[in-house]
Every structure is written in C-alpha cells, then in structure tokens.
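These are the residues of each chain, in order.
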Amino acid sequence: HGAAFEDTNFEGADLTEAALGEAKFIRCNFSRAKMPNLDLRTAAFDNANFSGAEIGGCNFQGSKLIGCKFVRAGMQGTNLDRADLSQADLSHAQLMGARLTSANLTAANLSGADMTRCSASEAHFTGADIQGANLRESDFSGARLIAASIRRAVAWETMQLRGANVTGLLGAPKGLREYAKQQ
C-alpha cells in the first residue's frame, strides 16, 4: 500500500516526475501544481484542491475524486473514464479532448468549462451545473443529463446526444430536446 497524505500543501509544486500511484491524499492542496501526464489510476483523492493545476494528460481512470476542486485547472486530454467526480468543482476547467466515459459527475459544477471534443458518453450528469460550458463537438451519447442545468451552453448544436437522457434538463436552449431526439 502507498503513502497517505493528509492536509499536505503541494501548492505550486513541480510534480512532473513524481510517483504518486497507490498514495491516498486527504484534503491536500495541489493548486497551481505542475503534474502533467501522471498515472494516477491507483491514487485516491478526498476533497483535494487542484485549482489552477496543470494536470493535462493525467490518467485518473476509475479514480475517486469526490468533492475535489479543479477550478480553472488545465486538464486537456485527461483520462477520467469511470472516475467518481460527484460534487466536484470543475468550473472553468480546460477539459478539451478529455475522456469522461461512464464518469460520475452527479451534482458536479462544470459551469464555464471548456469541454470541446470531450468524450462523455454514458456519463452521469444528474443535477450537474453545465451553465456556460463550451460543448463544441463533444460526445454525450447515452449520458444522463437528468435535472442538469445547461443554460448559456456554447455550441450545444455540435454535440452528440444519441440516446442521452435529457429528462428535466434545466435551461435547455430552444431546440435542444428535439435535437437530442433526432440523433
């Protein structure tokens, strides 16, 4: 088993070559840290703060990231497939090309996030805040957007919604529900 870190401050640290696998991080601060392309599949994060961090290309596949903060984080190309991001704050995060297939984003905040070409098929966005997010060419096929808020979303008409559940979608732009049914 890996090391455990509680309330540890990694703010602004360069963790580019760090071996963090199998470690557990509780309430740790990674804000503005540089940690690109790390394999973090076996690491666990509980209420960690990644705000402003550069974590593009990291592999968080299947990780538990409940309640973590990723405000304005650089997450381009990050693998978050099957990750539990429930109640996470990803507001204004740069998620271009990120993978969120089958991820749990229940009650997550994605307001203002750039989700251009993001793969979020089969993901759970129940009660999520996706207001003002850029959804250009993103794939939400089979996603659950039940009671999610999508007001002022940008480029929604370019996204894939085949088989998505948009029941109770809040603030849906005119034509979105019909668009989802046509796919």
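Look up a bit, the structure's there.
Only a predicted model underlies this, so the values are computations on that prediction, with no experimental measurement involved.

Caption draft 1: Highlighting unusual backbone geometry. With phi around 60 degrees, Asn-37 is a residue other than glycine that occupies positive phi space. Among the secondary structure elements, Asn-37 is positioned in the loop between strand S2 (24–26) and strand S3 (44–46). Taking the relative accessible area as the measure of exposure, Asn-37 reaches 60% and is therefore exposed. The residue Ala-147 is not glycine, and still its phi comes out positive at about 55 degrees.

Caption draft 2: A look at the environment of Gly-57. Position of Gly-57 relative to the elements: it lies in the loop between S3 and helix H1 (176–182). Assessed through its relative accessible area of 29%, Gly-57 is described here as partly exposed.

Caption draft 3: Representation of the sheet that holds strand S1 (residues 4–6) in the model. The parallel open sheet is built from three strands, whose spatial order is S1-S2-S3. Looking at the sheet topology across the chains shown, the edges are occupied by S1 and S3. For this sheet the average axis-to-axis angle between neighbouring strands, irrespective of direction, equals 10 degrees.

Caption draft 4: Layout of the side chain of Ser-121. Counting through the fold element by element, Ser-121 comes out in the loop between S3 and H1. Excluding its chain neighbours within four sequence positions, the residues that come into contact with Ser-121 are Leu-100, Thr-101, Ser-102, Asp-139, Phe-140 and Ser-141.

Caption draft 5: A look at the environment of Asp-84. Relative to the assigned elements, Asp-84 resides in the loop between S3 and H1. Along the primary structure Asp-84 and His-124 are separated by 40 residues, whereas in three dimensions their C-alpha atoms are 9.7 Å apart. Excluding residues within four positions of it along the chain, Asp-84 makes contact with Ser-63, Lys-64, Leu-65, Ile-66 and Asn-104. A polar side-chain atom of Asp-84 sits 3.5 Å from a polar atom in the side chain of Asn-104.

Caption draft 6: Representation of the packing of aromatic side chains within the structure. Applying the stated rule across the entire model yields 13 aromatic pairs. Ring centres of Phe-50 and Phe-70 lie 4.9 Å apart, and the angle between their planes is 0 degrees; on these two criteria the pair is classed as stacked. With a gap of 20 residues between them, Phe-50 in the loop between S3 and H1 and Phe-70 in the loop between S3 and H1 connect regions that are remote in the sequence. You can call Phe-50 buried: its relative accessible area is 0%. Within the aromatic cluster, the residues linked to one another by ring pairs are Phe-5, Phe-10, Phe-25, Phe-30, Phe-45, Phe-50, Phe-60 and Phe-70.

Caption draft 7: Geometry of the environment of Ala-108. When you line up the elements, Ala-108 lands in the loop between S3 and H1. Given a relative accessible area of 1%, Ala-108 falls into the buried group. Beyond its immediate chain neighbours, meaning those up to four positions away, Ala-108 contacts Leu-85, Gln-87, Ala-88, Leu-90, Ala-128 and Asp-129.

Caption draft 8: Here's a closer look at the pattern of salt bridges. What the rule picks out here adds up to six salt bridges. Note that Arg-41 is salt-bridged to Asp-39, the shortest N-O span being 2.6 Å. With relative accessibility at 42%, the residue Arg-41 sits in the partly exposed group. Glu-137 is paired through a salt bridge with Arg-117; the nearest N and O atoms lie 3.8 Å apart. Residue Glu-137 is found in the loop between S3 and H1, and its partner Arg-117 is found in the loop between S3 and H1; the two are separated by 20 residues along the sequence. Residue Glu-137 is classed as partly exposed on the basis of its relative accessible area of 47%. When its relative accessible area of 52% is taken as the criterion, Arg-117 is described as exposed.

About the cut-offs
- Residues numbered from 1 in each chain as written.
- Predicted model: local features only at pLDDT ≥ 70, side-chain atom pairs only at ≥ 80, totals over all residues.
- Heavy atoms only, no water.
- Helix = DSSP H or I, 4+ residues; strand = E, 2+ residues; numbered from the N terminus.
- Buried < 20%, exposed > 50% of the residue type's maximum accessible area, 1.4 Å probe, protein only.
- Pairing = 2+ DSSP bridges.
- Axes fitted to C-alpha atoms, helices over the stretch in contact; angles between N-to-C directions.
- Contact = heavy atoms within 4.5 Å.
- Polar contact = N/O pair within 3.5 Å; in protein donor to acceptor, adjacent residues only side chain to side chain.
- Phe/Tyr/Trp six-rings, centres within 6.5 Å; stacked < 30°, edge-to-face > 60°.
- Salt bridge = Lys/Arg side-chain N within 4 Å of Asp/Glu carboxyl O.

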